[in-house]
Amino acid sequence: MIALALSDAPSGLVLGLLGAYASVGVVGAVIATRRSLGLATALGALVCWPLLLPLLGTRHVSTGGPLAPRIAAAVEALCTTLDDPAATSMEGPEDLDGLIAALYRADERLAMVDRLIASVELPEHAPSGLAQSLSELHRARSTTAAELEAVLEGLAQLRIQIGLRSLVGHGVPVRERLRDLRARLAAVDELAALDLRNDA
Amino acid sequence: MTPFTVSSLTSTVLRSPSALVDHPDPRHALATFGPRLLAIGLCGMALFGLVVGSYRGGVQNLYAALKLPLLLLVPVVVGLPAVRALHAACDVEAPHARLALAAVVGMARTGVLAAACGPVLWLLYSIGIDYHLAILCMAGALALVGMPGLATVVRSLPAGGRHRGVASLLSLVLLGSIGAQTGWLLRPFIARPRAEVSFIRPIESDVFSSLSTAFASARGRYDGWDAQAEGFLARERDQEAQP
Amino acid sequence: MVTPVVEPPAPPASRVVLALGAMLLFALCAGLGTGEPAVAVRVLPIIVAPLFGAMLLTAPALFAMHQFLGLHARPETMVIALSRALVVGGHVAAGLSPTALFFAATTGLWPYVVAFGGALVGIAAATTAARALHQAECAGGQPSSRFSLLVSAWLVLGTLVSLRLAADLVITIARASALP
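Rules of the game
Residues numbered from 1 in each chain as written. Chains lettered and ligands numbered in written order. Predicted model: local features only at pLDDT ≥ 70, side-chain atom pairs only at ≥ 80, totals over all residues. Heavy atoms only, no water. Helix = DSSP H or I, 4+ residues; strand = E, 2+ residues; numbered from the N terminus. Expected span 1.5 Å × (residues − 1). Bend = angle between axes of the 7 residues up to and from the residue. Buried < 20%, exposed > 50% of the residue type's maximum accessible area, 1.4 Å probe, protein only. Axes fitted to C-alpha atoms, helices over the stretch in contact; angles between N-to-C directions. Contact = heavy atoms within 4.5 Å. Nonpolar A, V, L, I, M, F, W, Y, C, P; charged D, E, K, R; others polar. Buried area = accessible area lost by both parts, 1.4 Å probe. Salt bridge = Lys/Arg side-chain N within 4 Å of Asp/Glu carboxyl O. Disulfide = S-S within 2.5 Å. 1 Å grid on protein atoms, 1.4 Å probe; cavity = no way out; pocket = protein on both sides within 12 Å on 5 of 7 lines; lining within 4 Å. Points joined across faces, edges and corners; volume = space filled by probe spheres on them.

Engineer: It is not clear to me how helix α4 (residues 59–89) of chain B should be interpreted in this structure. Could you clarify?
Structural biologist: Each turn of an α-helix holds 3.6 residues, which means side chains three or four residues apart point in the same direction. All names here are of chain B. For α4, with 31 residues, the first-to-last C-alpha span of 46 Å sits near the 45 Å given by 1.5 Å per residue. Along α4, the largest kink reaches about 45 degrees and is centred on G79; proline P81 follows within four residues of it. Within α4, 22 of the 31 residues are buried, which leaves the element mostly enclosed by the surrounding structure. Count one or two residues on from α4 and you reach D91, which has phi positive near 65 degrees.

Structure, rendered in structure tokens:
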């Protein structure tokens, strides 16, 4: 069809349809670039954006950390609860997108640390400094993972509170709960750093 | 082990495509592997196209290598929304990401298998088989390598639902029709030995009327064939060409 | 302990409107194959009018007979069931739109595309309506044979009405195509 368009003067309708397809492809490529999905995904979106729509239509794409599937499941469950018709009378919690992005960023950092730990080989008579640093890294990793688990549990509790609010009314502090989760996630970095300083 | 290199990805696509399709996070898998899978599938079909074009040789090699990836891509892009909608109507809710991932995995599988069939086809063409037999061999090879790709997509659909067999059958008919019409539009892949080589022929009627005419001819009924251009792609060009 | 049957939630009005829009989109994609704007405009309501029109015309009879027969489902849940049927029909129409556009662009088979697509949309909507009405009846109590008979009769009536509406539209389109 592209050859036909090149060999003969195409009609306005054909040009319009091809232009619409290309325009959506360009928009998709721009979105893919902005969401750091990679150059290959952006190029793929140019040509076959219908196949890559699931990536372009979602605001959050996990990067494959150890907790990514659970984060995705928890986020999907929370969004399903928020989208429930019975929940439409409530405004969505503020900064939910920020919380989800922070979760995925923390998960990315966990994945990076896991790769680092797997790649470091301690020789038999390793210097005590290297062994100690590795031990600190393990501890910080465990602390961060525990905090992420707690935030995921908090998301599940948030869903229950949304249900409770739909029955009881505005007395249930959904927004405050969300702010608490955000603060907890922000403290993950500080907590890990504090652990390292205390052990030093 | 998560496949990161092209060779390990190709191996996974052939040995256990479900390892990719059943990834716990389909969106992540699509983001990570989707572009490479697309590239693998389209390159595989391009290699197959080089072999197909070698029947005539010369520039037909290049033409067929450029057109055969489209033969794989267009039916999937056009038909996948219909497949999803038909199965959703039968209570088989396939998440969009999972179905798209299965589609690119299926395309990669078909492309690699098509490239693998290339040497066999080339051997047949090299002994100078008849033109019609060459076309049948190409069509047969495509049907053969298309089955595993299609099976990947069908197996990705969740279990359960009502009358899912009907939805699957309709999906097969739709994808087959779109594929056949795409092949008709993009012909010739194998140029006749004495015919002029062209990238694409003008749109003439459609594949269904061509097939029905061929069947009638095979039964001894020669009523002729109306090759009038159809569809808004062809019709408006004809109107512009008229004084 | 008997587990209560949970009625599925009503689809938002926006989804019903989107479903009707999807049916218009399918007809638009197929109608581009006519090659004439006047004819293409007349093709636009070819899916929406028979389906939605048949539902509008036959639903009052369904509700009235349902109440007359003393059956269990609440009228509100029956309306929800019909709206779910429209949503499913719209979903199928949306999924078939790229296919319709492809065949409209490359073949002259747009009448067959419209007929095939319209049949699929109608069948999907009808089976969803039957299933959803059954669920609504189960939520109110044990469905009886009278309910099954009522739904079957309503489906037959709805099909005949939609075919009649479609035939009127086809005649209009054919007359428009015959104009110089």
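Engineer: Please explain unusual backbone geometry as it appears in this structure.
Structural biologist: Residues and elements named next belong to chain B. Residue R187 is joined to P188 through a cis peptide bond whose omega torsion reads 10 degrees. The residue P188 is located in the loop between α7 (164–186) and α8 (207–218) in this model. The backbone of D91 sits at a positive phi, close to 65 degrees, despite the residue not being glycine. When you line up the elements, D91 lands in the loop between α4 and α5 (96–126).

Engineer: How do you make sense of the packing of helix α1 (residues 13–31) of chain C against helix α3 (residues 48–68) of chain C when you look at a structure like this?
Structural biologist: What describes two packed helices is the angle between their axes and the distance between those same axes. Residues and elements named next belong to chain C. Orientation of α1 relative to α3, taken along the N-to-C sense of each, is 145 degrees, at an axis distance of 9 Å. Side by side, α1 and α3 meet where L20, M23 and L24 of the first sit next to V48, L51 and F52 of the second. The residue makeup of the contact of α1 with α3, split by class, is six nonpolar, no polar and no charged.

Engineer: What am I meant to see in the interface of chain C and chain B here?
Structural biologist: It is common to give the size of an interface as the accessible area that goes away when the parts come together. Counting residues at the interface gives 24 residues for chain C, matched by 28 residues for chain B. Considering only the side of chain C, the residues that lose the most area to chain B are F102(C), T106(C) and R131(C), jointly responsible for 26% of the buried surface there. Taken together, chain C and chain B are joined by one salt bridge. The salt bridge partner of R131(C) is D91(B), with a shortest N-O separation of 3.2 Å. Contributing elements (two or more residues each) for the side of chain C that touches chain B: α4 (75–106) and α5 (110–140) of chain C. Here the side of chain C that touches chain B is built from residues that sort into 14 nonpolar, nine polar and one charged.

Engineer: Even after reading the chapter, I still don't get the state of the cysteines, so can you show me in this structure?
Structural biologist: Throughout this description, disulfide means a covalent bond between two cysteine sulfur atoms. In the structure shown here, the tally under the stated rule is zero disulfides over all chains. The thiol of C117(B) is unpaired, and the distance to the nearest cysteine sulfur, on C137(B), comes to 11 Å.

Engineer: Teacher, can you tell me more about the layout of surface pockets here?
Structural biologist: A water-sized probe, rolled over the atoms, reveals where empty space remains. All names here are of chain B. Looking at the second largest pocket, its volume works out to about 1700 Å³. What lines the second largest pocket is a set of 41 residues, among which A139, L142, G179, A180 and G183 lie closest to the centre. A total of 14 residues in the lining of the second largest pocket trace back to one element, the largest contributor, which is helix α6 (residues 131–156). A class-by-class count of the residues in the lining of the second largest pocket yields 28 nonpolar, ten polar and three charged.

Engineer: Just checking my understanding: could you explain the environment of S97(C) for this structure?
Structural biologist: All names here are of chain C. Residue position: S97 is located in helix α4. On the basis of relative accessibility, which here comes to 3%, the residue S97 falls in the buried class. Counting along the chain gives 25 residues from S97 to H72, while the straight-line C-alpha distance between them is 38 Å.

Engineer: Is there a simple way to think about the environment of L110(A) in this case?
Structural biologist: Residue and element names in this part refer to chain A. Along the chain, L110 falls in helix α5 (residues 96–119). Overall, L110 belongs to the buried group, its relative accessible area being 3%. For the pair L110 and V75, spaced 35 residues apart in the sequence, the C-alpha separation amounts to 18 Å. Those residues within four positions of L110 in sequence are excluded, and the remaining contacts are P66, L67, R141, T144, A145 and L148.

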